[in-house]
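Residue-level structural notes
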2 protein chains.
Amino acid sequence: MTHRNYSWSEITKILRSGETKGKLTRDDLPTPALMLDLDDFEYNIDKMTRYLRSSNVAIRPHGKTHKCAEIAKVLIRAGAAGSCVAKLSEAEAFADNGVGGLLITTAVIGKHKIERAILLARNHPDTIFCVDDAQNVRDLDEAAGVSGVRLNLAIDLLVGERTGVGCGEPALVLARLIASLAHVTFAGIQAYAGQAAHVAEWEKRRRVSHEAMGKAVETRYLLEKHGINVAIVTGGSTGTYNIDAEINGVTELQPGSFIFMDLAYNSIAGNGSEAFHDFRNSLSVLTTVVSKRGSDTAVVDGGFKAFATDQPMVPVAKNMQGVRYNWGGDEHGILEAIKPSVTLDVGDRVEFMVPHCDPTVNLYDRIFCLRGDDVETVWPITARGMSQ
Amino acid sequence: MTHRNYSWSEITKILRSGETKGKLTRDDLPTPALMLDLDDFEYNIDKMTRYLRSSNVAIRPHGKTHKCAEIAKVLIRAGAAGSCVAKLSEAEAFADNGVGGLLITTAVIGKHKIERAILLARNHPDTIFCVDDAQNVRDLDEAAGVSGVRLNLAIDLLVGERTGVGCGEPALVLARLIASLAHVTFAGIQAYAGQAAHVAEWEKRRRVSHEAMGKAVETRYLLEKHGINVAIVTGGSTGTYNIDAEINGVTELQPGSFIFMDLAYNSIAGNGSEAFHDFRNSLSVLTTVVSKRGSDTAVVDGGFKAFATDQPMVPVAKNMQGVRYNWGGDEHGILEAIKPSVTLDVGDRVEFMVPHCDPTVNLYDRIFCLRGDDVETVWPITARGMSQ
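The following paragraphs examine the structure supplied in this document. For clarity, every value in this text was computed on a predicted model and none was experimentally measured.

Observations regarding the overall build of chain A
Each helix and strand counted, chain A has 12 helices and 17 strands in total. A compact globule built from 388 residues would reach a C-alpha radius of gyration of about 21 Å, and chain A, at 23 Å, matches this within 12%. When its C-alpha atoms are laid out on the principal axes, chain A stretches across 70 × 45 × 35 Å. Just so you have it, chain A exposes about 14,100 Å², and 47% of that area is on carbon and sulfur atoms. Treating the 41 positive side-chain charges of chain A as one cloud and the 48 negative ones as another, the clouds have centres 2 Å apart.

Next comes the structure, spelled out in structure tokens:
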């Protein structure tokens, strides 16, 4: 498509109408802009879902990565069992926008959030809530009883370094409590081994993940030995998808980043490859050079508010060699030309791959979805900022 | 005020009505929640504005810190000349919400943004735009001419490590260009010395800022010698407010963080004090313990999406000794009890001071404003995410 030279007031109208296809190109986007390359995004989904189908493992991708109801629905159409979400407010936003099969991976704590969980479960009875605390289980059961709904509870198992009840006996005690109560149903085991996801070396990553998920599977068999049916054992990450899928007893995976990829994941090894490029970098941030200093330094309009900064690496220019990004504060990035052949002028646009996809997406209200240079559609980041 | 034990549906109604005063307390807030202590906030504004009034220097606080039109209006009522903003889209959001006296500190680049700048200037003729590039000045002048508006242009001076035209002769050339064109007015000099703001030692900070702002003042006199009136010389930060206000020839300051404060600013020295506590920590993030591990580890519901991570320090509990926060990923923080006397249980709430205020505020859609424990009002973060 050729660029149509629209004015900003025309672009605004087109964006409001939602009918961008065949009209807008990347040159029309105000920067910094969050962009999704749809070809690469679809490649990633196809590759992951085909792999897991062949391994006979379900997928419920983690929606905390994209926070976008439209993306959750694309994934469900591609065969996902639903969507994981990190927080209750994310679940509410997804449910309100037509996403089913929700699994909330953080415990819902406190009477107000329990009240909201009941309301969610009333309208979306397949929602699964994670628990790791006996009092919380009793509180949920009591609220469910008063309201006449049932809640599906998965026990969050401590196989990592964050939350969860201990593997083995403590998990059995909690599962028995759930099984004994009248208004909650035992749904299975959630086992997230965050410490495995970014282990650089593949064989070591495999070992760490096997150790963690092995404990989850052992706990599964312990519960089943005691007559508790474990329908779901869910866990895993983009970094361990082809490790965890091979572990007997794991029933579904919850990777998130594979749809977008980021520099943190690119920096670890793949299975038999030095860098992890099983999936393509579909996510980027488009910036504009707003100032120039001498011949080798250009300043772009994206800083801490355009890229999440929790990872040690800096944004890397996409489709452009020979420039290095340095943080320039909240609003700016400072580009050094490290090859004299690179010339950047005020007004030039530079596209960057991001250090960490999840918290970067959470900075933006919308994502521009491109097919080549054409803006095929624009999706709202439905649950942006919903960390409650 | 005593806690009224509202249900969540009642709280939702009260939040929608906007009439929280005398009804909601901090216990009613869903976490993570961004909170403002109004007593401390008002103390900070009073202290800064009185200090600058006594120094006969104007203040146009930087709105990139708060992105909140209501806060900009509080500051203007306290005597501010208006509000600085980092980007055009922030300016538009502020202007649409009744904030005048805008100074946009990043150059407006590209035909679409220039079109928007013209529209903004038509409705808000006192808006000042920063420039550091001759072609950009000509583009702005041409667009202004076509539209029949005048644009006020301040030259952005390179006194730091980011953007701007060189001091002295290059600045004179650019100022003369502005003065020679028909549809733009020369408004003055913007000189932001970011490298001075967080210099730890006060005397060294003073030296660095004097050196930078001294060049700006010299440039001012050079321009005036050549018959160009320099109505404004603006710059400075919270870290240098009591340095820059004493420099002859600086007419106004643009600090932002003083209204909130953060751990990055607390970590530098004050004038005659080891830590910078000229202003109070009015900003915080309220979290809830969602999981517990053994007797000395508790997990709260705030991670990379609740706190900006661009500074080296971690969030610090407010009004609570003996716990240390460790990052626990996107959604969690892991609290270690470093004193055995500290006991935290699931459901307990922990309030944190933040490492860096500006990008933390940019994660939230609203800020809960407290008088003691009472939620006096709730302000939308009007320009959240508007980094364009």
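Points about the environment of Phe260(A)
Structurally, Phe260(A) is set in the loop between strand E9 (252-253) and helix H11 (263-266). For Phe260(A) and His356(A), which are 96 residues apart along the polypeptide, the C-alpha to C-alpha distance reads 9.8 Å.

Observations concerning the sheet that holds strand E3 (residues 83-85) of chain A
The pairing of strands in a sheet comes from backbone hydrogen bonds and takes either a parallel or an antiparallel form. Residues and elements named next belong to chain A. Taken together, 8 strands build an open sheet; the order of strands is E2-E9-E8-E7-E6-E5-E4-E3 and the sheet is parallel. On the outer flanks of this sheet lie strand E2 (58-59) and E3, each paired with one strand and no other. With 4 bridges joining them, strand E5 (residues 128-131) and strand E6 (residues 151-156) adopt parallel strand pairing. Each bridged residue has a counterpart across the sheet, and for Ile 128 the counterpart in E6 is Asn 152.

Topic: the sheet that holds strand E6 (residues 151-156) of chain B
All names here are of chain B. The strand order across the open sheet built from 8 strands is E2-E9-E8-E7-E6-E5-E4-E3, with neighbouring strands paired in parallel fashion. Lying at the two open borders of the sheet, with one neighbouring strand each, are strand E2 (58-59) and strand E3 (83-85). Where E3 meets strand E4 (residues 102-104), 3 bridges bridge the pair, whose relative direction is parallel. Its bridge partner being in E4, Cys 84 is matched across the sheet by Leu 103. Its contacts with the sheet place helix H4 (residues 88-96) against E3 and E4, and it is angled at close to 170 degrees to E4.

Let's talk about the pattern of salt bridges
Residue and element names in this part refer to chain A. Scanning the entire structure with this criterion turns up 40 salt bridges over all chains. Ionic pairing is found between Glu 70 and Lys 73, a salt bridge with its closest N-O pair at 3.4 Å. Placement of both Glu 70 and Lys 73 in helix H3 (residues 69-77) is noted, with a separation of 3 residues, approximately one turn of the helix. For Lys 73, a relative accessible area of 22% puts it in the partly exposed group.

Brief notes about the packing of helix H5 (residues 111-123) of chain A against helix H1 (residues 8-17) of chain B
Closest axis-to-axis distance for the H5(A)/H1(B) pair is 9 Å, and the angle between their directions is 100 degrees. On the basis of their axis angle, the class for H5(A) and H1(B) is roughly perpendicular. Across from His112(A), Glu115(A) and Arg116(A) in H5(A), the residues of H1(B) making contact are Trp8(B), Ser9(B) and Ile11(B). Looking at side-chain class alone, the contact of H5(A) with H1(B) contains 2 nonpolar, 2 polar and 2 charged residues.

Regarding the relation of the copies chain A and chain B
With an RMSD of 0.0 Å, the fit of chain A onto chain B corresponds to turning through 180 degrees and sliding 0.0 Å along the axis. Here the copies are linked by what is in effect a two-fold axis. When C-alpha distances to the rotation axis are compared across chain A, the minimum falls at Thr309(A), with a value of 2.9 Å. Taken together, the interface assignments show that 100% of the residues at the interface of chain A recur at the interface of chain B, consistent with an identical surface on both copies.

Considering the packing of helix H7 (residues 169-180) of chain B against helix H9 (residues 202-225) of chain B
Residue and element names in this part refer to chain B. Viewed as axis vectors pointing N to C, H7 and H9 meet at an angle of 50 degrees, and their least axial separation amounts to 10 Å. Taken together, the axis directions place H7 and H9 in an arrangement best described as oblique. Crossing of H7 over H9 shows right-handed handedness. Contacts from Glu 169, Ala 171, Leu 172 and Ala 175 in H7 reach Thr 219, Leu 222 and Leu 223 in H9.

Some words on the interface of chain A and chain B
Taken together, the contact pairs 61 residues of chain A with 61 residues of chain B. Summed over both sides, the interface of chain A with chain B buries roughly 5,000 Å², with 52% coming from carbon and sulfur. One salt bridge connects Arg384(B) with Asp365(A), and the closest N-O pair in it is separated by 3.3 Å. Taken together, chain A and chain B are joined by 41 residue pairs in polar contact (both at pLDDT 80 or more).

Considering the side chain of Thr288(B)
Relative to the helices and strands, Thr288(B) is located in strand E10 (residues 283-293). The residues contacting Thr288(B), other than those within four sequence positions of it, are Ile109(A), Thr31(B), Val299(B), Val300(B), Asp301(B), Gly347(B), Asp348(B) and Arg349(B).

Cut-offs used in this document
Residues numbered from 1 in each chain as written. Chains lettered and ligands numbered in written order. Predicted model: local features only at pLDDT ≥ 70, side-chain atom pairs only at ≥ 80, totals over all residues. Heavy atoms only, no water. Helix = DSSP H or I, 4+ residues; strand = E, 2+ residues; numbered from the N terminus. Rg over C-alpha atoms; globule rule 2.2 N^0.38 Å. Areas by Shrake-Rupley, 256 points an atom, 1.4 Å probe, with all protein chains shown as cover. Lys, Arg positive; Asp, Glu negative; His and termini not counted. Charge placed at Lys NZ, Arg CZ, Asp CG, Glu CD. Pairing = 2+ DSSP bridges. Contact = heavy atoms within 4.5 Å. Axes fitted to C-alpha atoms, helices over the stretch in contact; angles between N-to-C directions. Salt bridge = Lys/Arg side-chain N within 4 Å of Asp/Glu carboxyl O. Buried < 20%, exposed > 50% of the residue type's maximum accessible area, 1.4 Å probe, protein only. Parallel < 35°, antiparallel > 145°, perpendicular 65-115°, else oblique. Nonpolar A, V, L, I, M, F, W, Y, C, P; charged D, E, K, R; others polar. Least-squares fit on C-alpha atoms with pLDDT ≥ 70 in both. Left-handed = near helix turned anticlockwise from the far one by under 90°. Buried area = accessible area lost by both parts, 1.4 Å probe. Polar contact = N/O pair within 3.5 Å; in protein donor to acceptor, adjacent residues only side chain to side chain.

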